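Descriptive structure summary
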Amino acid sequence: MRTRPLLLLVLCGGLWLNGYAVAAQGRGLRDLADKRGFYVGAAVAMRPFRTEAPYQETLKREFNIIVGENAFKWTGIHPNKGGYYFADADALVAFAAANRMKIRGHTLVWHKQLPRWVTGGSFTREEAVNLLRDHINTVVGRYKGKVIAWDVVNEAIDDETGGLRTSSFWYEKIGPDYIRMAFEFAHQADPAAKLYYNDYEAEDMGRKSDGVYRLLKELKAAGVPVDGVGWQMHVPNGFHITEAHRRNAARLAALGLEMTITELDVRTRVPASAADLQAQATAYREILGFCLSQPNCKALLAWGFTDKYSWIPGWYAGLGDALLFDKDYQPKPAYRALVEALRSASRRK
Ligand code: G3I
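Read on for an overview of the structure. (Residues numbered from 1 in each chain as written. Predicted model: local features only at pLDDT ≥ 70, side-chain atom pairs only at ≥ 80, totals over all residues. Heavy atoms only, no water.)

Some points on the pairing of strand E4 (residues 149-154)
- Most of E4 sits out of view: 6 of its 6 residues are buried.
- Here strand E3 (residues 102-109) pairs with E4 via 4 bridges, running parallel. The partner of Arg104 across the bridge, within E4, is Ala149.
- Across 5 bridges, the pairing between E4 and strand E5 (residues 194-199) is parallel. The residue bridging Ala149 from the neighbouring strand is Lys194, located in E5. (Buried < 20%, exposed > 50% of the residue type's maximum accessible area, 1.4 Å probe, protein only. Helix = DSSP H or I, 4+ residues; strand = E, 2+ residues; numbered from the N terminus. Pairing = 2+ DSSP bridges.)

The structure is reproduced here in structure tokens:
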């Protein structure tokens, strides 16, 4: 009889420590991140944000930073010639402020999600430069002091060559200078915002990451106001951090850049087995642990947070379940892995 209270205590303690209790107790990843002066967050999709209560509840409880999945992109915010649509981005900025969260802006210059009136229009070089300047002034200016970091240029490096992607509206109309210009316009509009170059599959060593490194090195040498590099990290299950990630991070840090894991997800086959979910948890744990081990790595954001809303199934047939919470907003092993990584990391503040 006497051992029962002790047994209960041990059981409750185990439950508490297992990470699920963190969500159940309403503490969330954000409390653990706050204690380490770190930012952990997720991309926000507008439809569930506006229509599903658990979506906002989970965001508020778990994260201290958000990013719009589509709201700040050209198609989202500048859908018509001379006509901006700020309602979605405004709602995210207000939500972040009301809930003591930071917000990143994604993205100002990309070859995708450009409206028809841009890609189908006929612009001289000068007109395209003016278009770029006006857009960046308007969008960055509107959120000056509110958006802490911008993905100014997204995915400008060609997958195969490691040189600049030439099949891009901006490259075609302006030439390679569009990158420098975009950073300069953004800096003029909000000198305090951190300005990022963001890309995918450029995280370990290889032709593409060499290209990203070369670009950033040139921009830095030319005095262009670039502050950080975003590693998207859309990775397959079974992923591990390797020495190549550390080498690439080290050379980027040596340029004086900060970094952020900007779009993390770990796609797995569906339905996922228990072993798949454990492997996924390992990937999440290693990636967060890696970021926490790099003094210049400021934040980790996943590209969504519930498996109910993710770009993966629409893009990769047979794959999905790439995020931290399942379709019922219940935490997965990957969530517990982030709790453990945040708990075991040495203090950063
Ligand atoms: O908003 C329109 C809607 O009006 C229209 O009726 C509907 C019909 O298809 O499309 C809606 O737009 C979709 C948009 O997401 C908003 O939901 C687009 O079709 C769809 O292509 C778009 O996909 C986005 C994709 O970028 C575009 O390339 C994904 O949600 C978004 O997760 C994804 O995010 C990118 C990052 O920005 C950059 N890195 C890679 C990452 C994954 O692809």
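Some thoughts on the packing of aromatic side chains
- For the coordinates displayed, the defined rule picks out 17 aromatic pairs.
- On the numbers, 5.1 Å between centres and 55 degrees between planes, the contact of Phe325 with Tyr335 is tilted. With Phe325 in the loop between strand E10 (319-320) and helix H16 (333-344) and Tyr335 in helix H16, the pair connects residues that are 10 residues apart, well separated along the chain. As far as burial versus exposure is concerned, Phe325 and Tyr335 are alike and both buried.
- Three or more aromatic residues joined by ring pairs make a cluster, and in this case those are Tyr55, Phe63, Phe305, Tyr309, Phe325, Tyr329 and Tyr335.
- Above the plane of the ring of Tyr196 lies Arg104, whose end atom (NZ or CZ) is 4.7 Å from the centre.
- The ring of Phe86 carries Arg142 above its face, with NZ or CZ at 3.8 Å from the centroid. (Phe/Tyr/Trp six-rings, centres within 6.5 Å; stacked < 30°, edge-to-face > 60°. Lys NZ or Arg CZ within 6 Å of the ring centre and 35° of its normal.)

Digging into the nonpolar core
- In terms of nonpolar packing, the biggest core is built from 104 residues, with Phe72 and Trp150 touching the most fellow members.
- The element best represented in this core is helix H11 (residues 178-189), accounting for 8 residues.
- In contact with Trp150, not counting residues within four places along its chain, are Phe72, Gly105, His106, Leu108, Val139, Val140, Tyr143, Ala193, Lys194, Leu195 and Tyr196.
- One finds Ala43, Val67, Ala299 and Trp303 within the second-largest nonpolar core, a separate group that totals 6 residues. (Core = buried A, V, L, I, M, F, W, Y, C linked by side-chain atoms within 4.5 Å. Contact = heavy atoms within 4.5 Å.)

Describing the site of the ligand
- Close to the ligand lie 14 residues, the nearest being Glu69, Lys73, His106, Glu263 and Trp303.
- The contact in question runs from an oxygen atom of the ligand to an N or O atom on the side chain of Asn70, over 3.0 Å.
- His106 places a side-chain nitrogen or oxygen 2.7 Å from an oxygen atom of the ligand.
- When the ligand is considered free in solution it has 790 Å² of accessible area, and contact with the protein chains removes 47% of it.
- Split by residue class, the shell around the ligand holds 3 nonpolar, 6 polar and 5 charged. (Near = heavy atom within 4 Å. Polar contact = N/O pair within 3.5 Å; in protein donor to acceptor, adjacent residues only side chain to side chain. Areas by Shrake-Rupley, 256 points an atom, 1.4 Å probe, with all protein chains shown as cover. Nonpolar A, V, L, I, M, F, W, Y, C, P; charged D, E, K, R; others polar.)

Things to note about the pattern of salt bridges
- Following the criterion strictly, the structure yields 14 salt bridges and no others.
- Measuring nitrogen to oxygen at the nearest pair gives 3.2 Å for the salt bridge that ties Lys327 to Asp321.
- Salt bridges sharing partners connect three or more residues here, namely Asp159, Asp199 and Lys208. (Salt bridge = Lys/Arg side-chain N within 4 Å of Asp/Glu carboxyl O.)

Overview of the environment of Val118
- Topologically, Val118 is positioned in helix H8 (residues 116-119).
- Considering only alpha carbons, one finds Val118 and Leu131, 13 residues apart in sequence, at a separation of 9.1 Å.
- Once residues lying within four places of it in the same chain are set aside, the contact partners of Val118 are Trp74, Phe123, Leu131 and Phe169.

Observations regarding the environment of Lys173
- Along the polypeptide, Lys173 turns up in helix H10 (residues 169-174).
- Residue classification places Lys173 among the partly exposed residues on the basis of a relative accessible area of 27%.
- Lys173 has contacts with Phe123, Arg125 and Ala128, leaving out every residue within four places of it along the chain.

Overview of unusual backbone geometry
- Note the cis peptide between His106 and Thr107, where omega equals 0 degrees.
- Residue placement: Thr107 occurs in strand E3.
- With an omega of -5 degrees, the peptide bond between Val270 and Pro271 qualifies as cis.
- Inspection of the secondary structure puts Pro271 in the loop between strand E8 (258-269) and helix H14 (274-293).
- Its identity is not glycine, yet Glu155 carries a phi of approximately 60 degrees, on the positive side.
- With respect to the helices, strands and loops of the structure, Glu155 is situated in the loop between E4 and H10.
- According to the relative accessible area criterion, Glu155 is buried, its value standing at 8%.

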